[in-house]
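If you want the building blocks of each chain, they are given just below.
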Amino acid sequence: LFVVDAAVPHDTAGRWWPVVGNWPAALFSKSMVQKETDAIRITNTTNEILTSVRITLAPNVPGAEMWEIELRNEGQRPRDLKVVPYLEWVLNSPSADRAHTQYNRLFPEVEYVADLHAVIARHRDTKKVGLLAADVKPDGFLLTRVDFIGRAGSLWSPRALQTLRFHAPRDTGLGPDFDPTGCLLLGVTLPPGEHRVVRLMIGCAHSRPQACGWIRRSLVSAPRLPRSKEHPLHVFHGRKLPGIPPPYIEMMDAGRTMRVLTPFTPLPYDHTMANAAGHILSVTNRG
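Residues numbered from 1 in each chain as written. Predicted model: local features only at pLDDT ≥ 70, side-chain atom pairs only at ≥ 80, totals over all residues. Heavy atoms only, no water.

Some points on the sheet that holds strand E15 (residues 195-205)
Here is the rule we go by: For two strands to pair, DSSP has to find at least two bridges joining them. Strands are runs of DSSP state E lasting at least 2 residues, helices are runs of H or I lasting at least 4, and numbering of each runs from the N terminus.
With antiparallel pairing, the 9 strands of this open sheet are ordered in space as E3-E4-E5-E6-E15-E11-E10-E9-E13. The open sheet has two edge strands, strand E3 (32-35) and strand E13 (175-176), and neither has a second partner. Where E3 and strand E4 (residues 40-46) come together, 4 bridges link them in antiparallel fashion. Each bridged residue has a counterpart across the sheet, and for Gln-34 the counterpart in E4 is Arg-41.

Encoded structure:
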C-alpha cells in the first residue's frame, strides 16, 4: 500500500512513500504494527500525513479481509493525495508458487469491473478468484506488473507512482496477461487538520459470482452484472521508453498476436506465449 502526494513534482523526494509492505529500512521509515482484539493496525507518519490501516476479517465473508485506511493531514496546507493498493496474484498453494514463480504467473486472467470498483483475477488451473475492490470509484487501475514498476524497475522505485499514468476506470473483460497484478489509484483530498477514510476488500473466492457477491454485500452497492459469453483476449507489452520511433507495436488477429515493429525493443524483454493445455514458449533477450 502506497501514498502519493500528487502536488510534488515528478522524480522529487517526498512524492510517494509506502505504508504497508516489506521495504528496505534504508529507503523508508518503518510503519508501526500493533495487534488489537480482532484486528491488526498499521500506522505511518510521513510528510505530515498520518496513515492508519486497520485490517480485519470481512464480516460474514469466509475468504476476504477488510482494510480501513484513514489518512489525516497534520500539516498547514491542503493535500492532494492518492492511495495506491498493489498486489501480485498467486491464487495457488504456496508450494506451487515457490516451485516456479514465473510459471504460476502465466495462469491468472484479470479484468477491471467498473461498477464494483474492483480488479478480479481468475486462476485457470485452480479456478480460484482473487479480488481487490474499493468503496470509492478509483481514478484508474493497472493490471500488469511492468506497467506499475516500469522496465528494469522495482517495487521500491515504481514508475507508475511518478507518472500516475493509470488506465481509465472502465470494464475490460477477462483476459490473459503475464505477471498480472491488482492496482488501484484512489484520490483523497485533505484540507489541513482533516481526515478521510477509504475501505478496501482483498480476498480469494471459489468463483466470480461469489467474489462479486461479497463485494456487493460488504463494500459496494451495485446492480448484478451479467457474465459476458464473449471471452476477449488482451495482450499487453508495457510502455515504450522515450526515443523509440513509432509505431512501436501493432495488434492483429483480434488481439491474439502482437507484432513489434522496431528493432529498438528496450532491454530486458521477455515474450511468453501459452495455450489452454499449458504449453509455454518463452523468448528473452538472454535467449
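What follows picks up the thread again.
As for helix H5 (residues 208-218)
This is how it is decided: Residue burial is assigned from relative accessible area. The probe radius is 1.4 Å, only protein chains are included, and a residue is buried under 20% of its type maximum, exposed over 50%, and partly exposed in between. Contact between two residues is taken to exist if any of their heavy atoms lie within 4.5 Å; hydrogens are not considered. Each polar contact in these results corresponds to two N or O atoms within 3.5 Å; when the atoms are within protein, one needs to be able to donate a hydrogen and the other to accept it, and residues that are neighboring in sequence are counted only if both atoms are side-chain atoms.
H5 sits mainly inside the fold: 8 of its 11 residues count as buried. Within the span of H5, buried status applies to Arg-208, Ala-211, Cys-212, Gly-213, Trp-214, Ile-215, Arg-216 and Ser-218. Residues of H5 that are buried sit in contact with strand E6 (64-73), strand E9 (108-113), strand E10 (118-123), strand E11 (129-134) and E15. Structurally, the start of H5 carries an N-cap: the backbone nitrogen of Gln-210 is 3.2 Å from a side-chain oxygen of Ser-207.

A short note on the packing of aromatic side chains
Any pair of aromatic rings gets described here by the distance separating the centres and the angle formed by the planes. Using the following cut-off: Two rings from Phe, Tyr or Trp (for Trp, the six-membered ring) form a pair when their centres are within 6.5 Å of each other. A pair whose planes differ by under 30 degrees is stacked, one over 60 is edge-to-face, and the rest are tilted. In this scheme, Lys NZ or Arg CZ marks a charge over a ring once it lies within 6 Å of the ring centre and within 35 degrees of the ring normal.
The tally for this structure, following the rule as stated, stands at 7 aromatic pairs. Between Phe-2 and Phe-148, the ring centres sit 5.8 Å apart and the planes meet at 45 degrees, which makes this aromatic pair tilted. Taken together, the residues Phe-2 in strand E1 (residues 2-5) and Phe-148 in helix H3 (residues 145-149) connect sequence positions 146 residues apart. Take Phe-148: its relative accessible area is 0%, and that puts it in the buried class. For the pair Tyr-86 and Phe-148, a centre-to-centre distance of 4.3 Å together with 20 degrees between the ring planes defines the contact as stacked. Here Tyr-86, found in strand E8 (residues 86-88), pairs with Phe-148, found in helix H3; they are 62 residues apart in sequence, far enough to count as distant. One aromatic cluster is present, built from ring pairs that chain together Phe-2, Trp-16, Trp-23, Phe-28, Tyr-86, Phe-148 and Trp-156. Over the ring of Trp-23 we find Lys-30; its NZ or CZ atom is 5.3 Å from the centre of that ring.

Things to note about unusual backbone geometry
The backbone of Asn-47 shows a phi angle near 50 degrees, a positive value even though the residue is not glycine. Relative to the assigned elements, Asn-47 resides in the loop between E4 and strand E5 (49-57). Phi at Lys-127 is positive, roughly 70 degrees, even though this residue is not glycine.

Some details on the layout of surface pockets
This is how it is decided: Detection works on a 1 Å grid of protein atoms alone, calling trapped sets that fit a 1.4 Å probe cavities and calling open sets with protein on both sides within 12 Å along at least five of seven lines pockets, with lining residues defined by an atom within 4 Å of a point. Grid points are joined across faces, edges and corners, and a volume is the space filled by probe spheres set on the points. Each residue gets one of three labels, nonpolar for Ala, Val, Leu, Ile, Met, Phe, Trp, Tyr, Cys and Pro, charged for Asp, Glu, Lys and Arg, and polar for the others, Gly among them.
Space inside the second largest pocket adds up to approximately 360 Å³. Taken together, 14 residues make up the lining of the second largest pocket; nearest its centre are Leu-1, Val-20, Trp-67, Tyr-86 and Leu-87. Among the secondary structure elements, those contributing two or more residues to the lining of the second largest pocket are E6, E8 and E15. In the lining of the second largest pocket, the residues fall into 11 nonpolar, 2 polar and 1 charged.

Some points on the side chain of Asp-5
Considering the arrangement of structural elements, one finds Asp-5 in strand E1. Of the residues examined, Asp-5 reaches a relative accessible area of 1% and is grouped as buried. Once residues lying within four places of it in the same chain are set aside, the contact partners of Asp-5 are Gly-14, Arg-15, Trp-17, Arg-77, Arg-79, Asp-80 and Leu-81.

Here's the deal with the pairing of strand E12 (residues 140-144)
Burial analysis of E12 places 5 of its 5 residues in the buried class, the great majority of the element. Across 4 bridges, the pairing between E12 and strand E14 (residues 180-190) is antiparallel. Its bridge partner lying in E14, Leu-142 is registered against Cys-183.

Considering empty space enclosed by the protein
For the coordinates displayed, the defined rule picks out 2 cavities of 30 Å³ or more. Of the voids in this model, the second largest cavity is the one considered here, and its volume is about 40 Å³. In terms of lining, the second largest cavity is formed by Glu-88, Trp-89, Arg-105, Arg-145, Asp-179, Pro-180 and Thr-181. Here the lining of the second largest cavity is built from residues that sort into 2 nonpolar, 1 polar and 4 charged.

Description of the side chain of Arg-208
Note on placement: Arg-208 falls in helix H5. The exposure class assigned to Arg-208 is buried, which follows from its relative accessible area of 13%.

Some points on the nonpolar core
Applicable threshold: By nonpolar core we mean a set of buried residues, namely Ala, Val, Leu, Ile, Met, Phe, Trp, Tyr and Cys, connected to one another through side-chain atoms within 4.5 Å.
The biggest cluster of nonpolar side chains holds 47 residues, and the ones touching the most others in it are Val-53, Ile-69, Leu-71, Val-84 and Phe-148. The element that contributes the greatest number of residues to this core is E14, accounting for 6 residues. The contacts of Val-53, once residues within four sequence positions are left out, are Leu-1, Val-19, Val-20, Ile-40, Arg-41, Ile-42, Trp-67, Glu-68 and Ile-69. By size, the runner-up hydrophobic cluster in this structure holds 19 residues, among which are Ala-118, Leu-131, Ala-133 and Trp-214.

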